[in-house]
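These are the residues of each chain, in order.
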Amino acid sequence: MCSGLVGPAISLNDYAPSPQITVLDTGGQYTHLIARKVRELGVYAEVRTSETPAAQLAGRKGIIISGGPASVYEPGSPTIDPAILHNGTPLLGICYGQQLMAYLLDGTVEKGSKGEYGSAVLTVGNIVSPLLKGLLQTEPVWMSHRDTVFKAPSNFDVLASTPTCKIAAIGNDAQCQYGVQFHPEVVHTRAGKTLLENFVFGICSCQQDWEPRHRIPVVEEKIRETAGQRKIFFFVSGGVDSTVAYTLCLRALGHDRVHGAYVDTGLMREGETEFVKKVFAELGATAFRVEDARDFFVDKLQGVTEPELKRKIIGEAFVEIQDRVLNSGHYMDQDWILGQGTIYPDTIESGGTAKADLIKTHHNRVEGIQKLMEAGRIVEPLSSFYKDEVREIGRELGLPAEFLERHPFPGPGLAIRCLCSDMDAPVTRIAEGWVVPVHSVGVQGDSRSYRPVLAVESLEHESATELINQLATVNRVIGLIGSLVPMAELSVRRSELTKERLDRLRNVDAIVRRLSLAAGFEREVWQFPIVLIPLGTAARPDAVVLRPIFSVDGMTASSVPLPAALQDQLKTELLAVDGISAVFHDLTHKPPATIEWE
Ligand code: XMP
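None of these values were measured; they are calculated from a predicted model.

1. Thoughts on the packing of helix α4 (residues 216–227) against helix α5 (residues 240–253)
In contact at an axis separation of 9 Å, α4 and α5 are set at 70 degrees when each is read in the N-to-C sense. Between α4 and α5, the angle falls in the class roughly perpendicular. Where α4 approaches α5, its residues Ile-216, Val-219, Glu-220, Ile-223, Arg-224 and Ala-227 are matched on the opposing element by Leu-248, Cys-249, Arg-251, Ala-252 and Leu-253. Within the contact of α4 with α5, the residues separate by chemical class into 8 nonpolar, no polar and 3 charged.

Structure follows, in structure tokens:
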């Protein structure tokens, strides 16, 4: 058992207890997953940037350094305050975290002769360590690295290895410092939970203090305290976060003091506005209004084909409408504050989010909202919770399961799923398939790509990435599920974001959702965007692309195969829709493609 430096605990967030464990983020895609896994053990954990000064981490019972894509020996790569290595706080370095510990102490790190990606077999050595208590002699673990610790620091034991990685776990029991090259936070590491329990309870002596649904009374009390005598106004999106946040405020302050508005942009899925109205009516939200801005948005999007321009116009249209609502309702007056459904990952500047922002513009600033934020006139009751925790709170509050399990849906809505073209253009036959001159967004390395799509006749996922690497001219591969005429007779047609095409997309989207829900497929995937592309014939100018994906947080995603029976049903029903010529399945993972096409 080890003990960290005793000092005043700093609570960064009034809605949560002081964190016992801090995960230092070195830019890895699994950083939040580590914190979530610790929370699942009932211990409150937070994520901070890797270079957080040790003084700000006083009182932590343990620190975990995350994995990340950099190499420790490259100038400018993420590091930690070295004081953390010498103040007695128990430490666990994962992947890059282990390499960083070794490098900052007196070990060495080198580029491995070959990388190790995916499942590996870990062999646990003979040295007994509290970190690996309960592990079998051989264990399946998940690896994702090229660099490796070549020499462990002095006073560290090598605890385990894999055939490719001689130093896969290290430990110094006297200092309570440990490192693992594999990822205990991902499901493929069978004993990952045991290892994290060993660290959190056995080594750091944490106490269980975290059960999101038990926080509801504390959160409500905090809302009352923040609001004082004032009232709260919300823009709700119909999504889980803003609805749960709104519900908490309703419970805390009563119906008279919480107002909300939902902007109907005309870019939403079928039945969305009615659904949102119904959910809010059932909550008893009396001061809730729908702002009808359908014509306003569609008019502004006339003739626009370029994705970033679409986003910009939609963002600005939102700003105009929201400002209008804020001012017409006197919500800028001193007796109002703004409520928002911000959740924990949105509050942190991590490597992942910074990178995502380069690929597509997601956020738009409303001046009024900005002013309220700057004046501290804002309440964000969910700012310490992860999505799953928000769902758990929602369940406890009695929100319908049908609502809580909804897939994420992008702010700009169907506009970024309805692709346009400013000219007529033929498809080009090449050995691998047909190059379709409809451009979509991709993410390769750290940068955005905007390229045509390759259509193929097979539905094999594995070859998609290979084809993209090989051709270098496309960033996405779609497989043909069915078409009314041969591929060679389809061509890209000049097309705009019209009401007619939005209605067509809304219609096919609703058909897919109905069949996918009935087949139980909706629950198996993380998101299932439906995209309309201007590929067809004069009579039937559009094609549908199905994009079912699995993801943890949207940062990376894998394309999911469709069950055969569902695929047949989709093909039959979608090809019967007026204006639709063909149905495709997007076979591309993220990276190299993004989840949405624009
Ligand atoms: P991409 O397409 O970047 O999407 O791989 C990742 C996740 O983000 C969602 N998304 C958005 N959400 N406003 C949003 O609120 C946006 O502009 C936006 N663009 C993409 C997308 O649906 C996926 O879940």
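On we go.
2. What about unusual backbone geometry?
Cis peptide bonds are those with omega within 30 degrees of zero, and the linkage from Lys-590 to Pro-591 qualifies with -15 degrees. On the secondary structure map, Pro-591 appears in the segment after β26 (580–586). A cis amide bond, omega 10 degrees, links Pro-591 with the succeeding residue Pro-592. In this structure, Pro-592 sits in the segment after β26. Phi is positive for Ser-205, which is not a glycine, with a value near 55 degrees. Here Ser-205 is to be found in the loop between α3 (192–203) and α4. Of note, Ala-472 is a non-glycine position whose phi angle comes to about 60 degrees, a positive value. Mapped onto the elements, Ala-472 comes out in the loop between α13 (462–471) and β19 (476–483).

3. A word on the pattern of salt bridges
Going through the model one piece at a time under the given rule, you end up with 35 salt bridges. In this structure, Asp-264 and Arg-294 form a salt bridge, with 3.9 Å as the shortest nitrogen-oxygen distance. Placement of the pair is Asp-264 in strand β11 (residues 258–264) and Arg-294 in helix α7 (residues 294–300), with a sequence separation of 30 residues. Here Glu-596 makes a salt bridge to Arg-417, at a shortest N to O gap of 2.8 Å. Placement of the pair is Glu-596 in the segment after β26 and Arg-417 in the loop between α12 (401–404) and β15 (425–426), with a sequence separation of 179 residues. Arg-417 carries the same exposure label as Glu-596, and that label is buried.

4. So, the environment of Gln-302
The topology assignment puts Gln-302 in the loop between α7 and α8 (307–328). Using a relative accessible area of 40% as the deciding quantity, one classes Gln-302 as partly exposed. For Gln-302 and Gln-569, which are 267 residues apart along the polypeptide, the C-alpha to C-alpha distance reads 34 Å. Every residue in contact with Gln-302, bar those within four places of it in the chain, is listed here: Glu-496 and Leu-497.

5. Remarks on the sheet that holds strand β3 (residues 62–65)
Strand pairing within a sheet occurs via backbone hydrogen bonds; the two strands may be parallel or antiparallel. Taken in spatial order, the 9 strands of this open sheet run β2-β1-β3-β4-β9-β8-β7-β5-β6, and their pairing is mixed. Both edges of this open sheet fall to β2 (45–49) and β6 (138–151), since each of them pairs with a single strand only. Shown here is a sheet whose adjacent strand axes are inclined to one another by a mean of 20 degrees, direction ignored. Sheet topology places strand β5 (residues 108–124) next to β6; 12 bridges connect them, and they run antiparallel. Bridge assignment links Glu-116 to a residue of β6, and that residue is His-145. Across the sheet, helix α2 (residues 96–104) is in contact with β3, β4 (91–94), β5, β6, β8 (169–172) and β9 (177–180); its angle to β4 comes to roughly 120 degrees.

6. Comments concerning the confidence of the model for the protein chain
On average, residues of the protein chain score 91 in pLDDT, and 94% of them are at 70 or above. With pLDDT under 50 throughout, residues 4–12 is counted as low confidence; its partners more than four residues away or in other chains account for 21 contacts. Low pLDDT, under 50, characterises residues 350–359; the stretch is placed with 18 contacts to residues that sit more than four places away or in other chains.

7. Remarks on the packing of aromatic side chains
Applying the stated criterion across every chain yields a total of 14 aromatic pairs. Measuring from centroid to centroid gives 4.3 Å for Phe-280 and Phe-288, while their planes differ by 5 degrees, and the two rings are stacked. For the ring pair Tyr-331 and Trp-336, a centre distance of 4.7 Å and an interplane angle of 90 degrees mean the geometry is edge-to-face. With relative accessibility at 5%, the residue Trp-336 sits in the buried group. Above the ring of Tyr-344, the side-chain terminus of Arg-39 is found at 5.0 Å from the ring centroid. Residue placement shows Arg-429 over the ring face of Trp-434; its charged tip is 4.2 Å from the ring centre.

8. A word on the sheet that holds strand β12 (residues 288–292)
As summarised here, the arrangement of the 5 strands in space is β12-β11-β10-β13-β14, forming an open sheet in which the pairing is parallel. Of all strands in the sheet, those bounded by a partner on one side alone are β12 and β14 (378–379). Two elements, β11 and β12, share 5 bridges in a ladder whose sense is parallel. In the strand pairing of β12, Val-263 is matched with Glu-291.

9. Regarding the nonpolar core
Counting 50 residues, the largest nonpolar core has Phe-233, Leu-546 and Leu-574 as its most contacted members. Two domains each donate at least three residues to this core, and these are domain 2 (212–412) and domain 3 (417–586). In this structure Leu-574 touches Val-508, Ile-511, Val-512, Val-544, Leu-546, Ile-580 and Val-583, once residues within four positions along its chain are discounted.

10. Thoughts on α8
Because an α-helix completes one turn every 3.6 residues, residues spaced three or four positions apart along the sequence face the same direction. Across its 22 residues, α8 extends 31 Å between first and last C-alpha, which sits within 8% of the 32 Å expected from 1.5 Å per residue. Buried within α8 we find Pro-307, Lys-310, Arg-311, Ile-313, Ile-314, Gly-315, Ala-317, Val-319, Ile-321, Gln-322, Val-325 and Leu-326. By the N-cap criterion, in which a side-chain oxygen at the helix start approaches the backbone nitrogen of a residue two or three places on, α8 is capped by Glu-306, the distance to Glu-308 being 3.1 Å. A positive phi of about 60 degrees marks His-330, the residue just after α8.

11. Quick look at a nonpolar patch on the surface
A cluster of nonpolar side chains, contributed by Tyr-73, Tyr-103 and Leu-104, occupies part of the molecular surface with about 250 Å² of accessible area. Along the chain, Tyr-103 turns up in helix α2. The class of Tyr-103 is partly exposed, set by a relative accessible area of 39%.

12. Considering the side chain of Glu-272
Note on placement: Glu-272 falls in helix α6 (residues 272–282). A residue is classified by how much of its surface remains accessible, and Glu-272, at 7% relative accessible area, is buried. Looking at Glu-272, its side chain comes within polar contact range of the side chain of Arg-406, at 2.6 Å. If near-sequence neighbours (up to four positions away) are discounted, Glu-272 is found in contact with Ser-237, Gly-238, Tyr-262 and Arg-406.

Parameters at a glance
- Residues numbered from 1 in each chain as written.
- Predicted model: local features only at pLDDT ≥ 70, side-chain atom pairs only at ≥ 80, totals over all residues.
- Heavy atoms only, no water.
- Axes fitted to C-alpha atoms, helices over the stretch in contact; angles between N-to-C directions.
- Helix = DSSP H or I, 4+ residues; strand = E, 2+ residues; numbered from the N terminus.
- Parallel < 35°, antiparallel > 145°, perpendicular 65-115°, else oblique.
- Contact = heavy atoms within 4.5 Å.
- Nonpolar A, V, L, I, M, F, W, Y, C, P; charged D, E, K, R; others polar.
- Salt bridge = Lys/Arg side-chain N within 4 Å of Asp/Glu carboxyl O.
- Buried < 20%, exposed > 50% of the residue type's maximum accessible area, 1.4 Å probe, protein only.
- Pairing = 2+ DSSP bridges.
- pLDDT = per-residue confidence, 0-100.
- Phe/Tyr/Trp six-rings, centres within 6.5 Å; stacked < 30°, edge-to-face > 60°.
- Lys NZ or Arg CZ within 6 Å of the ring centre and 35° of its normal.
- Core = buried A, V, L, I, M, F, W, Y, C linked by side-chain atoms within 4.5 Å.
- Domains from an automatic or database assignment.
- Expected span 1.5 Å × (residues − 1).
- Polar contact = N/O pair within 3.5 Å; in protein donor to acceptor, adjacent residues only side chain to side chain.
- Patch = residues over 30% accessible without salt bridge, like charges linked within 9 Å, V, L, I, M, F, W, Y side chains within 5 Å.
- Areas by Shrake-Rupley, 256 points an atom, 1.4 Å probe, with all protein chains shown as cover.

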